[in-house]
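As a plain string of letters, each chain reads:
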Amino acid sequence: MDLAAAVLQGDRLALARLLTAIEDEDPAGLAVLSDLYPHGGKADRIGITGPPGSGKSSLVARLAAHIRRCGLRSGAGSGPAKLAVVAIDPSSPFTGGAILGDRIRMRDLAGDPGVFIRSMASRGALGGLAQATFGTVQALDAAGYQVILIETVGAGQAEVEIASTAHTTVVVEAPGMGDDVQAIKAGILEIADILVVNKADLPGADNAMRQLQAALALGYPEHPAEGHAHHAPLSERESQGRPQPAPPAGWVPEVLATSALKDTGIPNVVEAIDRHLSYLDATGGRQALEARRAEREVEHLLQQRLAEWFHGRLAADRLDEALRRVVERQISPRQAVELLTRELAG
Ligand code: GDP
């Protein structure tokens, strides 16, 4: 049986082999990924991001266990979903401690045949990691994992890019990580559909929640001060009761408290994710996200391919020569690119 068929039939070993091939950018593996592409598109992708130490891995393990017990979509009613976790740490080397830590926290889940866990770390360029992550998620989707939790560390460009491939993005914070809430400092609030203050068992959690609600209130002026979820369409509220033709609905991020340690608040987060996914379904947001994701991915691959094509045709000494002239300020970087492309075109 070929690899694609084995993956479609739920063969875990075949899936693991395919994911390694994708990470290695092995052409045969990438061809299998293309064969599988028409089978995907069904999974709910949930991104979970936030600063290191906020308890993402612990929270992901709790969320996964809860979703396995109770399902994610309240409306679906078809029992627990098959679930995959993709844990990404761009800052750690492949054998890094963070990955080992993830595995230890995930140990309770690892015996569940409905759960697949994959850890990924940086193996070179961050762009490569994002691409490998997209491929991994596509393979898991085609393999029938209905819920995919994508956990990324931190708030760099690659992490935000990876997180934004999700349908629902959860940003995790914790008290006691300095005076300011990290997500506010790092500017990742805008990608959050749901904000979680984890470690609610520790002092300072209330303060962190207040800070997040205050920061959100700046972005959502009509957000209630107590931070309770508000799902009324923004435009409806803005119209002050005047009838509007099919107002586009708005989503106001919720701020929720959890303790992954004490296993509290987890069902609230799962319910909020369910609500956000339903909101996307109801407003056409899911298709819009898919269209954006497709555009970004194709654009990314196109740039990569064009760069390869360009370098493959350009004599190395021509590039060196142009770079030397840029260093000596004979020509500008822009002029160098014009010169090189004109040479190839001519
Ligand atoms: P990550 O780096 O964001 O993935 O965070 P981890 O899940 O590795 O957790 C970092 C540390 O915080 C570990 O020592 C956890 O045991 C601890 N931790 C995680 N969640 C909680 C929580 O809800 N309360 C408390 N007190 N500690 C927690």
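The structure displayed is predicted, hence computed values, not measured ones. (Residues numbered from 1 in each chain as written. Predicted model: local features only at pLDDT ≥ 70, side-chain atom pairs only at ≥ 80, totals over all residues. Heavy atoms only, no water.)

### With respect to the packing of aromatic side chains
Note the threshold: For Phe, Tyr and Trp, rings pair up if their centres lie within 6.5 Å, where Trp contributes its six-membered ring, and each pair is then called stacked (planes under 30 degrees apart), edge-to-face (over 60) or tilted (otherwise). Here a helix means four or more residues in a row that DSSP labels H or I, a strand means two or more in a row labelled E, and each is numbered from the N terminus. Residue burial is assigned from relative accessible area. The probe radius is 1.4 Å, only protein chains are included, and a residue is buried under 20% of its type maximum, exposed over 50%, and partly exposed in between.
This model, assessed by the stated rule, comprises two aromatic pairs. Here F116 and Y145 contribute two aromatic rings whose centre-to-centre distance is 6.0 Å and whose plane-to-plane angle is 55°, an arrangement assigned as tilted. You can see F116 sitting in strand β3 (residues 115-121) and its partner Y145 sitting in the loop between α7 (126-142) and β4 (147-153), a full 29 residues away along the chain. Note on accessibility: F116 and Y145 belong to one class, buried.

### Considerations on helix α12 (residues 266-283)
Put simply, the rule reads: Take the number of residues in a helix, subtract one, and multiply by 1.5 Å to get its expected span. It only takes one pair of heavy atoms within 4.5 Å for two residues to be counted as in contact.
Taking 1.5 Å of rise per residue, 18 residues should cover 26 Å, and α12 covers 26 Å from first to last C-alpha, within 8% of that figure. Looking at the packing, one finds that the buried side of α12 touches β1 (44-50), α4 (56-70), β5 (168-173), β6 (194-197), β7 (254-257) and α13 (285-313). Of the residues trailing α12, G284 is marked for its positive phi of about 80°.

### Some details on the pattern of salt bridges
Just so we agree on the cut-off: A pair is scored as a salt bridge if a Lys or Arg side-chain nitrogen falls within 4 Å of a carboxyl oxygen belonging to Asp or Glu.
As enumerated under the stated definition, the model contains 14 salt bridges in all. Across the pair R305 and E308 runs a salt bridge whose closest N-O atoms are separated by 3.9 Å. With R305 and E308 both in helix α13 and three residues apart, the pair spans about one turn of that helix. Here R324 and E321 are joined by a salt bridge, their closest N and O atoms 3.2 Å apart. Of this pair, R324 and E321 both sit in helix α14 (residues 316-327), separated by three residues, roughly a single helical turn.

### Observations concerning unusual backbone geometry
With the exception of glycine, most residues fall at negative phi, and the peptide bonds are largely trans. Although it is not a glycine, K199 sits at a positive phi angle of roughly 60°. Relative to the helices and strands, K199 resides in the loop between β6 and α10 (205-219). A positive phi angle is found at R329, which is not glycine, with a value near 60°. When you line up the elements, R329 lands in the loop between α14 and α15 (333-345). The exposure class assigned to R329 is exposed, which follows from its relative accessible area of 76%.

### Remarks on the nonpolar core
Spelled out, the test is: Throughout this description, the term nonpolar core refers to a set of buried Ala, Val, Leu, Ile, Met, Phe, Trp, Tyr and Cys residues connected via side-chain atoms within 4.5 Å.
Among the nonpolar cores identified, the biggest contains 32 residues, and I46 and L149 are the most heavily contacted of them. Only β1, α4, β2 (83-89), β4, β5, β6 and α12 provide two or more residues apiece to this core. The element that contributes the greatest number of residues to this core is α12, accounting for eight residues. Setting aside residues up to four positions removed in sequence, L149 forms contacts with I46, I48, V60, A64, L83, A84, V85 and V86.

### Topic: the environment of L314
Summarising the element assignment, L314 is placed in the loop between α13 and α14. In this view, L314 contacts L319, L340 and L344; residues no more than four positions away in its chain are not counted.

### Thoughts on the packing of α12 against α13
How we decide: The convention used is that axes are lines fitted to C-alpha atoms, helices contributing only their stretch in contact, and that angles between N-to-C directions extend from 0 to 180 degrees. Each angle gets one of four labels, with under 35 degrees taken as roughly parallel, over 145 as roughly antiparallel, 65 to 115 as roughly perpendicular, and the rest as oblique. Three categories are distinguished: nonpolar for Ala, Val, Leu, Ile, Met, Phe, Trp, Tyr, Cys and Pro, charged for Asp, Glu, Lys and Arg, and polar for the others, with Gly belonging to the last.
Where α12 contacts α13, the two axes come as close as 5 Å, and the packing angle between them is 90°. The pairing of α12 with α13 is recorded here as roughly perpendicular in orientation. Contacts between α12 and α13 pair L277, L280, D281 and T283 from the former with G285, R286 and L289 from the latter. Residue classes in the contact of α12 with α13 are distributed as three nonpolar, two polar and two charged.

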